[in-house]
Amino acid sequence: MPLEAGLLEILACPACHAPLREEPAEGSATEGSATGATGGELVCTGDACGLAYPVRDEIPVLLVDEARRPA
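Computed from a prediction, not measured in an experiment: that's the story for all the values here. (Residues numbered from 1 in each chain as written. Predicted model: local features only at pLDDT ≥ 70, side-chain atom pairs only at ≥ 80, totals over all residues. Heavy atoms only, no water.)

Undergrad: Report on the overall build of the chain, specifying residues and quantitative values.
TA: Helix and strand counts for the chain come out as two helices and four strands. In sequence order, the secondary structure elements of the chain are arranged as α-β-α-β-β-β. The buried share among the 71 residues of the chain stands at 32%. (Helix = DSSP H or I, 4+ residues; strand = E, 2+ residues; numbered from the N terminus. Buried < 20%, exposed > 50% of the residue type's maximum accessible area, 1.4 Å probe, protein only.)

Below, the structure is given as structure tokens:
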């Protein structure tokens, strides 16, 4: 899925405004096709936050309500 480097540089976590890093989907294509999360996640690099935002159909979903909380 890789997002363009320029896009990733300007995106920030909606909750804490820290930069985001790209991570591949867990379980790859089989799990992703069931949930629509075909492109992995964008994970907040903030120490206190760490939310993981899904990427669906190569589009980052930067909604706090859609984010996965850190384990």
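Structure's up, so let's keep going.
Undergrad: Lay out the nonpolar core in plain terms, naming residues and giving numbers.
TA: Core analysis: the largest hydrophobic core is formed by 13 residues, its most contacted members being Cys13, Leu20, Leu42, Cys44 and Tyr53. At the level of elements, β2 (41-44) and β3 (52-56) are the ones that each hand at least two residues to this core. If we ignore the near neighbours within four places in the chain, the residues touching tyrosine 53 are Cys13, Pro14, Ala15, Leu20, Gly40, Glu41, Leu42, Val61, Leu62, Leu63, Val64 and Ala67. (Core = buried A, V, L, I, M, F, W, Y, C linked by side-chain atoms within 4.5 Å. Contact = heavy atoms within 4.5 Å.)

Undergrad: Which residues make up the side chain of glutamate 41, and what are the values?
TA: Along the polypeptide, glutamate 41 turns up in strand β2. Within the structure, the side chain of glutamate 41 is placed 2.8 Å from the side chain of arginine 68, a separation counted as a polar contact. Once you skip the residues sitting within four places of it in the chain, glutamate 41 turns out to touch Arg21, Glu22, Glu23, Ala52, Tyr53, Pro54, Val55 and Arg68. (Polar contact = N/O pair within 3.5 Å; in protein donor to acceptor, adjacent residues only side chain to side chain.)

Undergrad: Lay out unusual backbone geometry with the relevant residues and their values.
TA: Of all residues except glycine, most have a negative phi; of all peptide bonds, most are trans. Phi is positive for histidine 17, which is not a glycine, with a value near 70 degrees. Mapped onto the elements of the fold, histidine 17 is located in the loop between α1 (5-10) and β1 (20-23). At aspartate 57, a position not held by glycine, the phi torsion is positive, near 55 degrees. Mapped onto the elements, aspartate 57 comes out in the loop between β3 and β4 (59-60). Note on aspartate 57: relative accessible area 60%, which makes it exposed.

Undergrad: Give me the pattern of salt bridges: which residues, what numbers.
TA: Summed over the entire model, instances satisfying the criterion amount to three salt bridges. The salt bridge involving arginine 68 is made with glutamate 41; its shortest N-O contact spans 2.8 Å. With arginine 68 in the segment after β4 and glutamate 41 in strand β2, the pair connects residues that are 27 residues apart, well separated along the chain. On the basis of relative accessible area, arginine 68 is assigned to the partly exposed category, the value being 38%. For glutamate 41, a relative accessible area of 15% puts it in the buried group. (Salt bridge = Lys/Arg side-chain N within 4 Å of Asp/Glu carboxyl O.)

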